[in-house]
Amino acid sequence: MAEITIPKHDKNRIFSGIQPSGDLHLGNYLGALHQFVDLQNDDQNECIYCVVDMHAITVPQDPKMLRKRIYDLTALYLACGVDPKKSILFVQSEVPAHAELGWIMTCSSYTGELSRMTQFKSKSQGRESVPSGLFVYPTLMAADILLYDADEVPVGTDQTQHIELTRDLANRINNTRGETFILPKGRYLKEGARIMALDDPSKKMSKSAPNPMSRISLMDDEKTVKKAIMRATTDSDGEIRFDPENKPGVSNLMNIYSVLSGESLDSLESMYRGKGYGDFKKDLVSVVNGALQPIRTRFEEIRESSELIDILEDGAEKASAIANPVLARVKERFGMGLGTK
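Residues numbered from 1 in each chain as written. Predicted model: local features only at pLDDT ≥ 70, side-chain atom pairs only at ≥ 80, totals over all residues. Heavy atoms only, no water.

Draft legend 1. Structural view of the overall build of the protein. When its secondary structure is counted, the protein shows 13 helices and five strands. For 341 residues, the compact-globule estimate of 2.2 N^0.38 gives 20 Å, and the C-alpha radius of gyration of the protein, at 22 Å, lies within 12% of that figure. With respect to the three principal axes, the spread of C-alpha positions in the protein is 75 × 45 × 40 Å. Counting every position in the protein, which comprises 341 residues, the buried fraction comes to 49%. Here the analysis covers contacts within the protein between residues at least 6 apart in sequence; of these, 75% occur between residues at least 24 apart. With an accessible surface of roughly 16700 Å², the protein has 49% of that area assigned to carbon and sulfur atoms. (Helix = DSSP H or I, 4+ residues; strand = E, 2+ residues; numbered from the N terminus. Rg over C-alpha atoms; globule rule 2.2 N^0.38 Å. Buried < 20%, exposed > 50% of the residue type's maximum accessible area, 1.4 Å probe, protein only. Contact = heavy atoms within 4.5 Å. Areas by Shrake-Rupley, 256 points an atom, 1.4 Å probe, with all protein chains shown as cover.)

In structure tokens:
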């Protein structure tokens, strides 16, 4: 077997992906896309961002709708500030190495560890049978990360278990096959960017929640944004104070205000001391609409342009140039294909 070495890269390599499975909301923007842009603008980082359409089909999808959402999500990546001159942006299924490595990672995992994944347990609860993809998608997620020799993966704390499984699988293969993978670390997103549902601040803002007023979608018009914020859950004491345990609704709105405006939470408490929730919410409406308007405008500019296809084709080519040598390394370790004698 040929000697295998893992090439060093000069920059801190970052990989992350988002599913094209619905309208992105303010929580997605503040918890992911906004921070993706910050990471790409740091010259120490090399950023690879993906539209993970293979993950989307773990549940049934209408083909025309899925294709539309792939393009919508790509346009939103760009509208939010992801720059294809600084980052690699591509669609997962356009790089076949994801599927190949996904199968290898599935064969390197055990049913026990996959059955313990909390997201599988929650999605399969009360159901007699679920698609097999829901069971094995954590191994595809591990492949997505390991395929790029990623150093860091920006995720929310709810994804900790997936990062741990990725590291466990990489360690298992490194220990049994020889050094094959870099061990990635989770880069856990800022706590202030954890945005909760407007109608129930004990739950994360979700694009699948039945109540549309529980979230603010990035493409909502100004009237819809105002309606959602003015209806948002607060409490009865009327004091604008950051206290997530005792005032979760108000604290959630303050988080949104702070991250979008740049005002500190302490500053917001001072600004609204003695004022009511009505004044606070009206100002928050202006802050949110002011932040989303440039995104909406840029989205409309780029969504139907040929630039979108060019960016994705170029991104898939660049991603493949990184992914294919990693896959070849893994296949050599496993003795797959023709390899080297």
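Draft legend 2. Main features of the pattern of salt bridges. The tally for this structure, following the rule as stated, stands at 16 salt bridges. Residue Asp235 is joined to Lys247 by a salt bridge in which the shortest nitrogen-to-oxygen separation is 2.9 Å. With Asp235 in the loop between helix H9 (222–230) and helix H10 (248–261) and Lys247 in the loop between H9 and H10, the pair connects residues that are twelve residues apart, well separated along the chain. Measuring nitrogen to oxygen at the nearest pair gives 3.7 Å for the salt bridge that ties Arg298 to Glu301. On the criterion of helical spacing, the pair formed by Arg298 and Glu301 is a turn pair, its members being three residues apart in helix H12 (residues 277–303). Assessed through its relative accessible area of 28%, Arg298 is described here as partly exposed. Judged by its relative accessible area of 52%, Glu301 falls in the exposed class. In this structure, a network of salt bridges that share partners links the residues Lys68, Asp72, Arg303 and Glu304. (Salt bridge = Lys/Arg side-chain N within 4 Å of Asp/Glu carboxyl O.)

Draft legend 3. Spatial organisation of unusual backbone geometry. Here the phi dihedral of Asp149 falls at roughly 50°; this positive angle occurs in a residue that is not glycine. Here Asp149 is to be found in the loop between helix H7 (132–146) and strand S4 (152–155).

Draft legend 4. Quick peek at the packing of H7 against helix H8 (residues 160–177). Two numbers describe how H7 lies on H8: the axes approach to 9 Å, and their chain directions differ by 70°. In terms of orientation, H7 lies roughly perpendicular with respect to H8. Between H7, through Tyr137, Pro138, Thr139, Met141, Ala142, Ile145 and Leu146, and H8, the contact on the second element is made entirely by His162, Ile163, Leu165, Thr166, Leu169 and Ala170. Tallied by class, the residues present in the contact of H7 with H8 amount to ten nonpolar, three polar and no charged. (Axes fitted to C-alpha atoms, helices over the stretch in contact; angles between N-to-C directions. Parallel < 35°, antiparallel > 145°, perpendicular 65-115°, else oblique. Nonpolar A, V, L, I, M, F, W, Y, C, P; charged D, E, K, R; others polar.)

Draft legend 5. Here's a closer look at the packing of aromatic side chains. Inspection of the entire model under this criterion finds nine aromatic pairs. Between Phe36 and Tyr77, the ring centres sit 6.4 Å apart and the planes meet at 15°, which makes this aromatic pair stacked. Of this pair, Phe36 sits in helix H1 (residues 26–40) while Tyr77 is found in helix H3 (residues 63–79), placing the two residues 41 residues apart along the sequence. Summarising the burial analysis for this pair, Phe36 and Tyr77 share the class buried. Pairwise contacts between aromatic rings join Phe15, Phe90 and Tyr148 into one cluster. The ring of Phe334 has Arg177 lying over it, and the distance from NZ or CZ to the ring centre is 4.0 Å. (Phe/Tyr/Trp six-rings, centres within 6.5 Å; stacked < 30°, edge-to-face > 60°. Lys NZ or Arg CZ within 6 Å of the ring centre and 35° of its normal.)

Draft legend 6. Geometry of the side chain of Asn289. With respect to the element layout, Asn289 can be found in helix H12. Using a relative accessible area of 9% as the deciding quantity, one classes Asn289 as buried. Beyond its immediate chain neighbours, meaning those up to four positions away, Asn289 contacts Asp221, Glu222, Val225 and Arg296.

Draft legend 7. Layout of the nonpolar core. Core analysis: the largest hydrophobic core is formed by 58 residues, its most contacted members being Tyr49, Tyr77 and Ile216. Sorting elements by how many residues they give to this core places H12 first, with ten residues. Beyond its immediate stretch of four places on either side in the chain, Ile216 contacts His25, Leu26, Leu198, Met205, Val225, Ala228, Ile229, Val288 and Leu292. Judged by nonpolar contacts, the second largest core, of 38 residues, contains Ile145, Ile163, Leu165 and Ala323. (Core = buried A, V, L, I, M, F, W, Y, C linked by side-chain atoms within 4.5 Å.)

Draft legend 8. Structural context of the packing of helix H4 (residues 97–107) against helix H13 (residues 307–334). Packing of H4 against H13 brings their axes to within 10 Å, and their N-to-C directions diverge by 30°. When the axis of H4 is compared with that of H13, the two are roughly parallel. As for how H4 packs across H13, the hand of that crossing is left-handed. For the pair H4 and H13, the contacting residues are Ala97, Glu100, Leu101 and Ile104 in the first and Ala323, Asn324, Leu327, Val330, Lys331 and Phe334 in the second. Partitioning the contact of H4 with H13 into residue classes produces seven nonpolar, one polar and two charged. (Left-handed = near helix turned anticlockwise from the far one by under 90°.)

Draft legend 9. Here's a closer look at H13. With 28 residues, H13 ought to run about 40 Å at 1.5 Å a step, and its terminal C-alpha atoms sit 40 Å apart, in line with that. Taken as a whole, H13 carries its principal kink of about 30° at Ser320. Just past H13, the residue Gly335 takes up positive phi, approximately 75°. (Expected span 1.5 Å × (residues − 1). Bend = angle between axes of the 7 residues up to and from the residue.)

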